[in-house]
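# A closer look at the structure
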Amino acid sequence: MYTNITFGECLKLLLTTLNLKMSQLAKAINVDSSLVNRWVNGKRLPSAAYIGDIVEYLAKNTVTPLQDKLVNEIFLNFDNGTNDSCSCSKEKLLFMLHLALDNSKNGKPLKKEIPENSSGGNAIQKDGADFLHSISLSSNDKLLYGIRSIYSTLVTLLDGAAEYQSRSTDKTIYLTFLNTLDKTFFTEQKLAQFQNKLLEAVNRNWQITFLFRLDFSIDTIIRFIHFLLPLIKTGKVNLYYLKNSETFSIRKELYIIPPIGALSCFPTDISSGISSAFYLKNTSAVSILHNYVKLLLKNNANNLINYYKEEMNESYFLNLAETSERPGEQLYYNSNFINLLIPAEIYEKLLDKTDLTAYEKSLSLRYYQKQLNGFYKNLKRYISKTIYFTTFLDQLCEDKILYLYTHRGIKIVSTDTRNAIDCLEYVIGVIKEYDNYSIAIVYNSIDDLITNTPLFIKERTAVFLHVYKWGKAEDVRLSINDPVIVKAFTEYFDLLWNKIPLFNKDKQEVILILENRIRILRNELSEQRNGMIS
């Protein structure tokens, strides 16, 4: 009987039984061989995040009937042959390693707990079934009551992620938002703090995976969008939504950080929101929840976001250009000048100032022309709006720079006074010619406007986001095509538009703002000429 077996002894036994080397295991799970050696020799214990990878590797190498029989014999000696709940080698391996891990942590065997059938409050009736086994939870595992207690524990979990040091490649925080950020649980203040905590974790190289439920409550989705945008900009967020809301009780929530702990939240009566939670630090318990949410993601969820890496540039710009050509309302949210308001001849001239190859310049120009054609074709029948910050005017008129959207990312390109005048005159011409086109020029201080988040929203079709991460190797480029989310983004944009004072979006006022800048630039140009003459 392997009653007192430690994790190292168990792992060594399984490797020997399956004729596997420690170095092979280390390579398979992407860790150093010395770490596996320390596990086997009892000098260190693995985090729960590694158990699943170890089990996957061992199960993958349990391929012959003899190996399967040997694993089963070891398993029967763990639990006296009574555990019939593990039907395959993978489940048996997972059970044995978790039990051995808890043995090592507790320093003593985990006994099978079979309560006596008595009239006491702790009695459990067997009803014809055997009470198989249990794993004792640690003193850190708790049942929490009340929103304040649950939320403070959630913050503690996220603080633990921000402080966690590990070379592990699997650093993912799993969060369900099946109640779409319940307002009774997440007040605006708590939501802002929660967002900041997640951003801190992302800055420590954590990935964030959200599993949420799509509904048709646009207000709640808009709240979700506003919460997500700063996180999406990092490129380290994955969004999944349930194919079927019945898959998971929508009044429950899970917050899981595999190496650290987990919260399983639930209501306690028919009318309440989240009001109780199990706080789990036990590695086996956290691993069970971790595996459960991964099963949900694999079998019952769809990915919402399409991320485009650098090698997918052409796919992104082709999708963007084709979407621009489709009929429908067009909405732009940008802190910089969009390419579509740069005259074609100036755009081509500015491309020559970049470090793009001739092929990349030709692709940039081709996709620019396709977007431009779609933009003006739609302006004849559909409304188009653009939100700009005043900083774009300062950059163009004072710094003489433009943010040029190219096939290889956003390029900062220097221009001159003449080109700046031409660009602004071109914009005025578009505003005057097309009744369907409106521009809002706003200050950064307006509430809810998020800087450095360029968005293009095509009515009923798609949302595109393209953020250049200064000093980083790649841009963040993504698209969302789900019609419910696209509709929510459209209404989100309309909410932002309605927050802008009339003075900042009235056509005549905007034209006056641009004409005033042109007048200053013309004086500057005149002074430059006079200086050259003198």
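Residues numbered from 1 in each chain as written. Predicted model: local features only at pLDDT ≥ 70, side-chain atom pairs only at ≥ 80, totals over all residues. Heavy atoms only, no water.

Although it is not a glycine, Asn19 sits at a positive phi angle of roughly 60°. Examined against the element boundaries, Asn19 turns out to sit in the loop between helix H1 (7–17) and helix H2 (22–29). Asn19 sits in the exposed class, given a relative accessible area of 70%. Located in the positive-phi region is Arg460, a residue other than glycine, with phi close to 65°. If you trace the backbone, Arg460 turns up in the loop between strand S15 (455–458) and strand S16 (462–468). (Helix = DSSP H or I, 4+ residues; strand = E, 2+ residues; numbered from the N terminus. Buried < 20%, exposed > 50% of the residue type's maximum accessible area, 1.4 Å probe, protein only.)

Turning our eyes to something else, we now look at the pairing of strand S3 (residues 207–212). The buried count for S3 comes to five of six residues, which makes it a mostly enclosed element. Bridge count between strand S2 (residues 172–177) and S3: six bridges; the pairing is parallel. Residue Leu175 lies in a different strand from S3, and its bridge partner there is Phe210. (Pairing = 2+ DSSP bridges.)

We now examine the pairing of strand S12 (residues 401–406). With five of six residues buried, S12 lies mostly within the body of the structure. Sheet analysis places S12 next to strand S13 (residues 409–414), joined by six bridges and oriented antiparallel. Of the residues in S13, the one forming a bridge with Tyr403 is Ile412. Counting the residues in the hairpin turn of S12 and S13 gives two residues.

Our focus in this paragraph is helix H11 (residues 313–325). Because the α-helix completes a turn every 3.6 residues, residues three or four places apart line up on one side. Here H11 contains 13 residues, and its C-alpha end-to-end distance of 19 Å stays within 8% of the 18 Å for a straight helix at 1.5 Å per residue. Residues of H11 that are buried include every one of Asn313, Tyr316, Phe317, Asn319, Leu320, Ala321, Thr323 and Ser324, and no others. (Expected span 1.5 Å × (residues − 1).)

Relative to the helices and strands, Glu253 is located in strand S5 (residues 253–257). Judged by its relative accessible area of 4%, Glu253 falls in the buried class. Separated by 76 residues in the primary sequence, Glu253 and Phe177 place their C-alpha atoms 6.6 Å from one another. What Glu253 contacts, discounting residues up to four positions off in sequence, is Thr176, Phe177, Leu178, Asn179, Leu263, Ser264, Cys265 and Ile274. Of the polar contacts made by the side chain of Glu253, one reaches the side chain of Thr176; its length is 2.6 Å. (Contact = heavy atoms within 4.5 Å. Polar contact = N/O pair within 3.5 Å; in protein donor to acceptor, adjacent residues only side chain to side chain.)

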